[in-house]
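One-letter residues, chain by chain:
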2 protein chains.
Amino acid sequence: MKYENRYCVIMCGGIGSRFWPYSRTDMPKQFLDFFGTGRSLLQMCYDRMLSIVPKENILVVTNEKYARIVKLQLPDIAPEMILTEPDRRNTAPCIAWAAYHIAAINPQASMVVTPSDHLITRESVFEDCLKKGFDFVESHDALLTLGINPTRPETGYGYIQIDNEVVPGFRKVKTFTEKPDRDLAQVFVDSGEFFWNAGIFLWTASAIKEAIHKYMPDLACEFDEGLPVFGTDGEYEFIEKHFPVCPSISIDFGVMEKADNVYVECVDFGWSDLGTWGSLYENSPKNMMGNVTQNCNVVAYNSSGNIFMAPEGKLVVVSGIKDCIVADAGDVLMICPKNEEQKIKQMVHEVQLRFDDKYI
Amino acid sequence: MKYENRYCVIMCGGIGSRFWPYSRTDMPKQFLDFFGTGRSLLQMCYDRMLSIVPKENILVVTNEKYARIVKLQLPDIAPEMILTEPDRRNTAPCIAWAAYHIAAINPQASMVVTPSDHLITRESVFEDCLKKGFDFVESHDALLTLGINPTRPETGYGYIQIDNEVVPGFRKVKTFTEKPDRDLAQVFVDSGEFFWNAGIFLWTASAIKEAIHKYMPDLACEFDEGLPVFGTDGEYEFIEKHFPVCPSISIDFGVMEKADNVYVECVDFGWSDLGTWGSLYENSPKNMMGNVTQNCNVVAYNSSGNIFMAPEGKLVVVSGIKDCIVADAGDVLMICPKNEEQKIKQMVHEVQLRFDDKYI
């Protein structure tokens, strides 16, 4: 197939509440320069894609309220390549829209769908994997997901169980498994049969449209009504009306777990979903005491295993603090043990109850 | 003696390094509104004195670099009542200057000397004690210090051992004792013979000048040279030249521990020197979990015995933090166990080594 038929869809509508107080509803995680490199996670995602698909074939799907930030951060993207959802509806409607949109522009299109807020450290391996993935889906009737070689019994990820290899590097998927508990996760890792589900998918536009028709007929029905308008000036008016009534379902649950033509490419390119402070800690360089410092200056006594994040130039002085997240986001300071980070959603909820949206 | 002969000297030149990062060299503790009442510790000190001495008899001795802040915070004080030291020289030279200055203006003067950064909660008792103290020093050849009835075996204070009572409420001093260890402090408190040395003194200007001549003759010699100029336009020129060569000695060590006419008025007016974060914690209202909150909003889980201080309107969210000082001063965040607060000076030193004066 031809390089110019390859498209990329960057999903960029999440609110990243697990990274509060850094991630805010008006500036979520994907727009933040987490590693102080000068590029946000979204920008790093875009940069990676430039060597894989033609620049003008990169789409971003985001929420209406983030459209301005996307334009600011990615000034090279044409306005018509930013699809702005009028509402939050999980990944299935988001991907369906992108697939219908791309198919209308180019019926021969193949596409990679990727979250905007993940970390990938080995970009040349990533590039190679994606190119092979495109080749595969363009020559097979396949919905392809990327499976990451697990390096630890992570309980925060979904797992993919692999089946027999159909061509080298590509296997049938046996099952998708939701986040396991610690013991089960260890069994998964030890078995060698389970891979992390990265939420990065490749397929042809026609293959995913067909799967949506088969497994989410209501959703397909909704979008089929708009077939005459996708890729035209009437598209947004249609979306404004039809998107909000779509079911809020993930593509994993709606399609991948049901379809019989699902394949996995098992890869190893230094991936993290950066879904939690803990994963940011794991993926950041540490000093001798096992402390991670983001942006700020730190003077630490008898303190280890912490992640310190504070505004550029701020000094953080601590004594006797162990295995904590210390996150100073200007108007909010959070101090929380790393192993209690699942409480952050509860904290955000409590803060919202007490102070409305002031700190959210 | 006459009310109009009574003077007050507020010592206001300290740098308050134990309250770092709130107290900074360019805005030390005495100038801060610690309790969010709208008045700084200096202003509260000044307010207390208004009912004790004539308003125009209140002097402030401070460092040159704080003169502007004093004028801003106490706009009612005449410029000539603010004595600005060209250098830091502990309390003996400070008090000597104030005594020579006042004696030159009014040879009949009596005076109270007080730190500017202490907390006094029972102001009417304080007023009553000071009036009785003035009466005492104006009718006896006496150097009077105030002894605070100790409520706990505090190791951060000096103690005064009392001797026989000479008039009701006034006793001879047997000894001054430096900061004791915990066991000795407990013995002191249990004995009923020891009182905290508040560093508040009363005497006539002539009595303290005489004592300085007797026990610190070098210092007296230095100031005697200026006798013709005190209270005139030439005073500052004289001080610029002579103050920096004065020995840096406290009035306690230089005079009080040596003189034989030292008396103590035993008082109980809710006093704290607010010398440490711990004493601020002790003197502040606490919530059910024993947390103290200054200025900011706090949402706390499984956290007790802490003091939280952050800029007005900031939200502090913590989990699992116990018995700590959490002090966010804008450009510096300090988190330190309350029982390690003696380390703060070491921290400040380390910060200065690494970042010069940026955060000091």
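Our structure is the block above this text.
Just so you know, these numbers come straight off a predicted model, no measurement behind them. (Residues numbered from 1 in each chain as written. Chains lettered and ligands numbered in written order. Predicted model: local features only at pLDDT ≥ 70, side-chain atom pairs only at ≥ 80, totals over all residues. Heavy atoms only, no water.)

In terms of helices and strands, chain A carries eleven helices and 17 strands. Seen through its C-alpha atoms, chain A measures out along the principal axes to roughly 65 × 45 × 35 Å. The proportion of buried residues among the 360 residues of chain A is 57%. Sequence separation of 24 or more characterises 67% of the internal contacts of chain A that already satisfy a separation of 6 or more. Carbon and sulfur atoms make up 49% of the accessible area of chain A, which amounts to about 14,600 Å² in all. In chain A, 34 side chains carry a positive charge and 50 a negative one; their mean positions are 4 Å apart. (Helix = DSSP H or I, 4+ residues; strand = E, 2+ residues; numbered from the N terminus. Buried < 20%, exposed > 50% of the residue type's maximum accessible area, 1.4 Å probe, protein only. Contact = heavy atoms within 4.5 Å. Areas by Shrake-Rupley, 256 points an atom, 1.4 Å probe, with all protein chains shown as cover. Lys, Arg positive; Asp, Glu negative; His and termini not counted. Charge placed at Lys NZ, Arg CZ, Asp CG, Glu CD.)

Read across the sheet, six strands follow the order β13(A)-β15(A)-β17(B)-β16(B)-β14(B)-β12(B) without closing on themselves; strand pairing throughout is mixed. Whereas interior strands pair on both sides, the edge strands pair on one side only; in this sheet they are β13 (297-301) of chain A together with β12 (292-294) of chain B. Averaged over all neighbouring strand pairs, the angle between strand axes comes to 5 degrees, with direction disregarded. Those strands touched by helix α11 (residues 344-355) of chain B are β13 and β15 (315-319) of chain A together with β16 (324-328) and β17 (332-337) of chain B, and its axis lies near 140 degrees from that of β13(A). (Pairing = 2+ DSSP bridges. Axes fitted to C-alpha atoms, helices over the stretch in contact; angles between N-to-C directions.)

For the rest of this paragraph, the subject is empty space enclosed by the protein. Regions of empty space are outlined by a rolling probe, equal in size to a water molecule, passed over the atoms. Scanning the entire structure with this criterion turns up one cavity of 30 Å³ or more. Lining the largest cavity are A:Arg18, A:Glu154, A:Gly156, A:Tyr157, A:Asp273, A:Gly275, A:Thr276 and A:Ser279. (1 Å grid on protein atoms, 1.4 Å probe; cavity = no way out; pocket = protein on both sides within 12 Å on 5 of 7 lines; lining within 4 Å. Points joined across faces, edges and corners; volume = space filled by probe spheres on them.)

Here the focus is the interface of chain A and chain B. Chain A puts 33 residues into the contact, and the matching count from chain B is 33 residues. With both sides pooled, the region where chain A packs onto chain B buries about 2,800 Å², and carbon together with sulfur makes up 61% of that total. Our enumeration of links across chain A and chain B arrives at two salt bridges. The residue B:Asp328 makes a salt bridge to A:Lys314 at a minimum N-O spacing of 2.7 Å. Inspection of the region where chain A meets chain B yields 22 residue pairs in polar contact (both at pLDDT 80 or more). At the level of secondary structure, the elements contributing two or more residues to the side of chain A that touches chain B comprise β13, β15, β16 (324-328), β17 (332-337) and α11 (344-355) of chain A. Across the side of chain A that touches chain B, the residue classes break down as 20 nonpolar, five polar and eight charged. Here β17(A) runs beside strand β15 (residues 315-319) of chain B; their pairing, made up of four bridges, is parallel. Counted as the bridge partner of A:Met334 is B:Val317 from β15(B). (Buried area = accessible area lost by both parts, 1.4 Å probe. Salt bridge = Lys/Arg side-chain N within 4 Å of Asp/Glu carboxyl O. Polar contact = N/O pair within 3.5 Å; in protein donor to acceptor, adjacent residues only side chain to side chain. Nonpolar A, V, L, I, M, F, W, Y, C, P; charged D, E, K, R; others polar.)

This part covers the side chain of B:Ser284. Residues and elements named next belong to chain B. The topology assignment puts Ser284 in the loop between α10 (277-282) and β12. What makes Ser284 buried here is its relative accessible area of 6%. What Ser284 contacts, discounting residues up to four positions off in sequence, is Phe35, Val292 and Gln294.

This part takes up the packing of helix α6 (residues 205-215) of chain B against helix α7 (residues 217-224) of chain B. All names here are of chain B. Between α6 and α7, the least distance of the axes is 5 Å, while the angle of their chain directions is 120 degrees. In terms of orientation, α6 lies oblique with respect to α7. Along its contact with α6, which presents Ile212, His213, Lys214 and Tyr215, the element α7 presents Pro217, Leu219, Ala220 and Asp224. Counted by class, the contact of α6 with α7 contains five nonpolar, one polar and two charged residues. (Parallel < 35°, antiparallel > 145°, perpendicular 65-115°, else oblique.)

This part is about the relation of the copies chain A and chain B. The two copies are related by a screw motion: chain A maps onto chain B through a turn of 180 degrees and a shift of 0.0 Å along the axis, at an RMSD of 0.1 Å. Seen this way, the second copy is the image of the first under a two-fold rotation axis. The position closest to the rotation axis in chain A is occupied by the C-alpha of A:Gly330, lying 4.1 Å away. Most of the interface of chain A is mirrored in chain B, where 100% of its interface residues again form contacts. (Least-squares fit on C-alpha atoms with pLDDT ≥ 70 in both.)

Further remarks concern a positive patch on the surface. Side chains of A:Arg18, A:Lys65, A:Arg88, A:Lys179 and A:Lys345 sit close together on the surface and give a patch of like positive charge. One can find A:Lys179 in the loop between β8 (170-177) and α5 (182-191). (Patch = residues over 30% accessible without salt bridge, like charges linked within 9 Å, V, L, I, M, F, W, Y side chains within 5 Å.)

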